[in-house]
Structure formats: structure tokens, C-alpha cells
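# Observations on the model geometry
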Amino acid sequence: PQAGELIVFDAKTRAAIRRIKISGSPVSFALSRDEKRAFVSLVHASRAALVDLESGAVVGSVPTGIAPDGIVWIDKGN
């Protein structure tokens, strides 16, 4: 969290494949079903960010209140 980075790893090789700079101290995340996006809780920003993992861009965020911690992705699709 202190580095302000979200690090994406290859599950098979365990190698870091992308480092995404993100402000607000990321502490937890939840992946979308297709594993292309992640919601990331940002403690010092009091927000949750939506990150496009393919482009490495923060594509949106929502306010959460003080010090968000755990996060979960609920997919209501079929």
C-alpha cells in the first residue's frame, strides 16, 4: 500500500506482469468474472477504484467513507 501500486501477477509463473500506479494506498481487491477489471479499495483516498487490468487505467471510482478495507464483487448476471 505504501508504494501506491497494484501489481498483477501471472498465476502460473508467479511473475509480475504489470505494475499499475494508483494513489490512495490500495489494500484489497475483487476481480470481475472475466478477470479484466478489479475493484480496489483505497484506504487513504476513502474510495474504491475500478481498474482496467488490460490497459492499466483507473476507469472510475466511488466514494466509500473513511478507510475502506475489504471489498467484494457481486455478479448478478447469469
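The sections below set out a description of the structure shown in this document.

## Remarks on unusual backbone geometry
The phi dihedral of glutamate 35 falls on the positive side, at around 60°, and the residue is not glycine. Here glutamate 35 is to be found in the loop between strand E3 (26-31) and strand E4 (37-42). Given a relative accessible area of 56%, glutamate 35 falls into the exposed group. With a phi close to 55°, serine 46 is a non-glycine residue in the positive phi region. Structurally, serine 46 is set in the loop between E4 and strand E5 (47-52). Judged by its relative accessible area of 25%, serine 46 falls in the partly exposed class.

## Quick notes on the environment of alanine 30
Counting through the fold element by element, alanine 30 comes out in strand E3. A residue is classified by how much of its surface remains accessible, and alanine 30, at 10% relative accessible area, is buried. For the pair alanine 30 and isoleucine 74, spaced 44 residues apart in the sequence, the C-alpha separation amounts to 9.3 Å. Ignoring sequence-local partners within four residues, the contact set of alanine 30 consists of Arg37, Ala38, Phe39, Ile71, Val72 and Trp73.

## Section: the pattern of salt bridges
Within the structure shown, the criterion is met by two salt bridges. A salt bridge links glutamate 5 to arginine 19; its shortest N-O distance comes to 3.0 Å. With glutamate 5 in strand E1 (residues 5-9) and arginine 19 in strand E2 (residues 16-21), the pair connects residues that are 14 residues apart, well separated along the chain. Given the relative accessible area of 23%, glutamate 5 is considered partly exposed. Arginine 37 is the salt-bridge partner of aspartate 34, the closest N and O atoms lying 4.0 Å from each other.

The rules behind these values
Residues numbered from 1 in each chain as written. Predicted model: local features only at pLDDT ≥ 70, side-chain atom pairs only at ≥ 80, totals over all residues. Heavy atoms only, no water. Helix = DSSP H or I, 4+ residues; strand = E, 2+ residues; numbered from the N terminus. Buried < 20%, exposed > 50% of the residue type's maximum accessible area, 1.4 Å probe, protein only. Contact = heavy atoms within 4.5 Å. Salt bridge = Lys/Arg side-chain N within 4 Å of Asp/Glu carboxyl O.

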